[in-house]
Every structure is written in C-alpha cells, then in structure tokens.
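Descriptive structure summary
Chain by chain, the residues run as shown.
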Amino acid sequence: MHSVRRYLRHLWLSFALLPGLASAHVLEIHGSNTIGATLAPMLMTGFLQQLTGNPVTARPTGTANETVLATSYNGKPMTVLVAAHGTSTGFSALAADHADIWAASRRVKGSEREAMTSRADMTSPDSEHVIAIDGLAILVHPSNPVEQLNIDTLARVFAGEISNWSEVGGPDRPIRIYARDEQSGTWDTFKELVLAGRYNLTPSAQRYESNDQLSNDVSNDPSGIGFAGFASAGNSKLLAIADGNAPALRPSALSVATEDYPLARRLYLYTAGDTGEPLARQFIEYVQSPTGQAIVAESGFFSQTPFAVDLPPDASVPDTFRRLTENYQRLSVNFRFAEGRTQLDNKARRDLQRVQQYLEGTGKTGRDLMLIGFADQQSHELRAQMISELRALSAAKALREMGTRVQGYVGYGHYMPVGSAGGESGARRNGRVEVWVRR
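In this report, the structure presented in the accompanying data block is examined. Since the structure is predicted, the reported quantities are computational estimates derived from the model, not experimental observations. (Residues numbered from 1 in each chain as written. Predicted model: local features only at pLDDT ≥ 70, side-chain atom pairs only at ≥ 80, totals over all residues. Heavy atoms only, no water.)

Remarks on the pattern of salt bridges
Side chains carrying opposite charge are able to pair once their charged atoms draw close together. Counted only if it meets this: Whenever a carboxyl oxygen of Asp or Glu lies within 4 Å of a side-chain nitrogen of Lys or Arg, that contact is scored as a salt bridge. Helix and strand assignments come from DSSP, with helices taken as H or I runs of at least 4 residues and strands as E runs of at least 2, each series counted from the N terminus. Residue burial is assigned from relative accessible area. The probe radius is 1.4 Å, only protein chains are included, and a residue is buried under 20% of its type maximum, exposed over 50%, and partly exposed in between.
A full pass over the atoms with the stated rule returns 26 salt bridges. The partner of Asp134 in a salt bridge is Arg265, and the shortest N-O contact between them spans 3.0 Å. Residue Asp134 is located in strand 6 (residues 128–140), and its partner Arg265 is located in strand 13 (residues 264–270); the two are separated by 131 residues in the primary sequence. Both residues of the pair, Asp134 and Arg265, count as buried. Note that Arg330 is salt-bridged to Glu434, the shortest N-O span being 3.6 Å. Here Arg330, found in strand 15 (residues 328–336), pairs with Glu434, found in strand 18 (residues 432–438); they are 104 residues apart in sequence, far enough to count as distant. For the residue pair Arg330 and Glu434, the accessibility class agrees, reading buried in each case. Linked by salt bridges that have partners in common, Glu259, Asp260, Arg266, Arg330, Arg336, Asp345, Arg432 and Glu434 make up one network.

What about the layout of surface pockets?
Convention followed: Definitions used throughout: a 1 Å grid over protein atoms alone; a cavity as a set of points that fits a 1.4 Å probe which cannot get out; a pocket as an open set with protein on both sides within 12 Å along at least five of seven lines; a lining residue as one with an atom within 4 Å of a point. Grid points are joined across faces, edges and corners, and a volume is the space filled by probe spheres set on the points.
Approximately 1,200 Å³ is the volume attributed to the largest pocket. Lining the largest pocket are 42 residues, and of these Arg107, Arg266, Tyr268, Glu424 and Arg428 sit closest to its centre. Taken together, the elements giving at least two residues each to the lining of the largest pocket come down to helix 5 (110–115), strand 6, helix 7 (185–195), strand 13, helix 13 (346–362) and helix 15 (423–430). The dominant element in the lining of the largest pocket, judged by the number of residues it contributes, is helix 7, at five residues.

Here's the deal with empty space enclosed by the protein
Applying the stated criterion to the full structure yields one cavity of 30 Å³ or more. What the largest cavity holds in volume is close to 50 Å³. For the lining of the largest cavity, the secondary structure elements donating two or more residues are strand 15 and helix 13. Broken down by element, the lining of the largest cavity gets its largest block of residues, three residues, from strand 15.

A short note on the side chain of Glu112
Condition: Only heavy atoms enter the contact rule, under which two residues are in contact if any of them lie within 4.5 Å.
Relative to the helices and strands, Glu112 is located in helix 5. Glu112 has contacts with Phe91, Trp102 and Arg106, leaving out every residue within four places of it along the chain.

Describing the packing of helix 10 (residues 278–288) against helix 11 (residues 290–299)
For clarity, the threshold we go by: The axes are straight lines fitted to the C-alpha atoms, using for helices just the contacting stretch, and the angles between their N-to-C directions are given from 0 to 180°. Between 65 and 115 degrees an angle is taken as roughly perpendicular, under 35 as roughly parallel, over 145 as roughly antiparallel, and anywhere else as oblique. Under this grouping Gly is polar, as are all residues other than the nonpolar Ala, Val, Leu, Ile, Met, Phe, Trp, Tyr, Cys and Pro and the charged Asp, Glu, Lys and Arg.
Axis separation between helix 10 and helix 11 bottoms out at 4 Å; the angle between their running directions is 70°. Here helix 10 lies roughly perpendicular to helix 11, going by the angle between them. Contact residues: Tyr286, Val287 and Gln288 in helix 10; Pro290, Thr291, Gly292, Gln293 and Ile295 in helix 11. Residue composition of the contact of helix 10 with helix 11, grouped by class: four nonpolar, four polar and no charged.

Some points on the pairing of strand 16 (residues 369–374)
Note the threshold: DSSP bridges decide pairing: two strands pair if at least two such bridges lie between them. With its strands directed away from the observer, a crossover is right-handed exactly when the path from the first strand over the helix to the second travels clockwise.
With six of six residues buried, strand 16 is to be regarded as a mostly interior element. Side chains Leu369, Leu371 and Gly373 of strand 16 all project onto a buried face; the interleaved residues Met370, Ile372 and Phe374 project onto the opposite face, where all are buried too. The sheet contact formed by strand 16 and strand 18 spans six bridges and is antiparallel. Residue Ile372 lies in a different strand from strand 18, and its bridge partner there is Glu434. Bridge count between strand 16 and strand 17 (residues 408–411): four bridges; the pairing is parallel. Bridge pairing links Leu371 to Tyr409 in strand 17. Viewed along the sheet, the connection from strand 16 through helix 14 (residues 381–401) into strand 17 turns out right-handed.

What about the environment of Thr117?
Looking at the element boundaries, Thr117 is found in the loop between helix 5 and strand 6. Separated by 155 residues in sequence, Thr117 and Ala272 place their C-alpha atoms 9.7 Å apart.

Structural notes on the packing of aromatic side chains
How we decide: The rule is short: rings of Phe, Tyr and Trp, with Trp giving its six-membered ring, pair when the centres are within 6.5 Å, and they are stacked under 30 degrees, edge-to-face over 60, tilted in between. Only when the NZ atom of a Lys or the CZ atom of an Arg is both within 6 Å of the ring centre and within 35 degrees of the ring normal do we say a charge sits over the ring.
This structure, assessed with the given rule, holds 17 aromatic pairs. Taking 5.8 Å as the distance between ring centres and 55° as the angle between the ring planes, the aromatic pair formed by Phe158 and Phe227 counts as tilted. Taken as a pair, Phe158 in helix 6 (residues 151–159) and Phe227 in strand 10 (residues 224–229) lie far apart in primary sequence, 69 residues in all. What makes Phe158 buried here is its relative accessible area of 0%. Its relative accessible area of 0% is what places Phe227 among the buried residues. Following the ring pairs from residue to residue traces out a cluster consisting of Phe321, Phe374, Tyr412, Tyr415 and Trp436. One cation-aromatic arrangement involves Arg391 over Phe337; the distance from NZ or CZ to the ring centre is 5.3 Å.

Everything listed here is a matter of coordinates, which is why it stays silent on function.
Below you can see the structure in the form of structure tokens.
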C-alpha cells in the first residue's frame, strides 16, 4: 500500500501540483555519498530539464550533504531531494518509505533483501539498477615511491600490522590511515574486497563522511594512505593493485569499465520493484540511456557505454590468445553472471542492449563480434573449458534472441584470470565473457 506521501505525489503528477503541496518533494533519493555528492544531482538535473523544459536550480537544505533541485512544471514548483549520508541510510529510508530511490555504492545485502521481500525482490531487474562503474582507488601522497600492493598486503596496512612504509618498499616513515566512515558504501566495499573478514581496520584510522575531503587530506600527507571512489582521487597518487597471482592493475577507463581492476565496483540505484513511484522509473530509464550515461562520464565515473580499445603488446599474454584477438579490438564490456554458471546478471542484460547500440552506431553487425568466455580455476582443465564455452554460448544466445547473430564465440578455460582463484569472489570475477570487435 502506498504511503500518504506517495499518494499525494501521485495526485501532484496527475493535477500538476495541488494547492498546499508546493513544498512536497516529488522524488527523494537517499543514500551513498559517492553517488549523492555530485552524480545524482547531475543526473536528476538533466532528467528534470528534459521532463519540464525548464532550468533547474540547486540549493542546500541547511543539513550537510543534502541538496534540493528545483524547477517548475506547468507553471507550478517542483522539487527533488538528494540526501547523501551513506549507503546504509538510503536503505533505511527506502524501507521506511521515506525515499523513492536508494543510492548504493555496494550491492544490497542479504538481510536488506529479506527485509524488503513483502514489497519487492531487490535483486530483480525491476529493483536493481547498475548506473555506473567506479574504481575504489588506493591513494597515497604524490611523492610516495611505492607503485603497487597486493590485496593481502593492503589489508595488513589498513589493519595496522604493517605500520611503516619501509616494510613495503617505501621510505622509513610511519603510515597514517585514512578511511571512510561506517555509514559509507565505499567503506562497505573496502571492508568486503580488502579486509574480507580476516582483518579489522586499525582504531587509529581517521574516518570521513566525504570522499573528496579524504582524498584532499591524503594528497597533503606524505605518510598517508586512504581509499575513495576513483572520481574523487584528486591530486593523490593511485596505486596499482594485484589480486592473488593476477597482474597488478591501476584503475583506468578500460580496467574499471570491464571490472578487471580488482577494486572496481558497481554503483546502484534501487527502487521497490515496479510498485514504486512511476516518476522514479522514468528517471532510472533516463539514467540508463546514452544521454544519462554521458552525464555519468562527465561526472568522473565510468560510463557503461561501450568503447573499443587497441590493446598494447603485452608479453604476459599467451601466444594463442594474441593470435585469437590480433584482428580485434577489446570492447569495454564484460558480461558477468548471477547465480549458476550461465545466467547473465542484471548489468549484463542491460549491456546486451548497449552492445547492440554500439554495433548500430558503428555500422557493424554480429559477424564483427567475438565473445571469449572464461572460467574460474577448476580441478580439471576440461571442466574449465566446458564452463567457459557455455558462458560464451549463453551470451551469444542472448544476443541472438535480441536479433544480433554472433558467429564467433569461444571458451578460453581458466587461463588469464583477473582475480584470485576460488570462492565466491573468484567465480564472480574470473567467470566472465569478454567482448571483442573486429577492426
């Protein structure tokens, strides 16, 4: 059942704002500071301008990290609230029916999904919307000579077990830790991907609600190390990160967009399925459109609009793979999978459409595509080969059902991993389908 607040807004949309409701917000977005600080206001501004044909102004509410976007529609005032106090606060607001959209810089937790079951399945395509890709950047002072760390060493640094830069190849200088606060989805992501339940953050860490402030302080501290969204890296130096035996990678346009970078993460908007506010669903579709994704790129995050890249020569790439791809460019899309080995996840379903749009925009067809499937480490090479081929076939079949016939698809087994082998993380990261396009 809709709340009174939502019911009133439905009347607003029907009657272009009833008398006495001029101060009501037609939409409220609550949650992640990573999304809410800049990206959500930019996207909502574009959406409102397109919807109303009128200019949009932004003003603070008087509460830190809250913005009201105001315009007019049919001569009546129209406002949207963006409250960016951390991912977990957004879920609380959505669950309490105080928000129409939950902005999250990590995926919905099992407990949160369970709490919403009476209203919606929060992992269904109707509720879960990946809007951008972000790289969780590991930041140090520009003068720091350290270039890369593996994830386990990084965890030990943030746990305080490694407390001097000389222990990781740097100068004889104590390490100072900067971290996001407990309400932050960025912190949740770091805790999951780096600390991984094996380490606890050192109590001496300085904590921040704001990505930008954290990055600014690290860039002024030769002893500092911190983490923030890639878009907030500012003047800090970015370290390359290795996951297990996979190559160390810095966050870049390609490594983050494909989610090959070990600390790449998805940014989400969640709605209460198809029972929520209709205007919210219109906003989601705007965000997923090429226009919306162009705003994502403008904001400093990584758009999901595909682009093709010529990869430079790399001695670590096997000769067989080099010959396989020598006439192709890498597309900035990896299809990944949900539960099971061949069920495409919600982002991949959207990416299928984006690949089709890329082909149409470049005058290419499915004959110009090659899909290369990969598996996580398996006990037998034949088993890995079968899994990787099934993944490539699954993506090719999905494209064919949408009208794009792909003739080139192949499995490459469990070789060329992008993450540590085994477990949920290995299965999710290494189990992928790369998309290559003929030059």
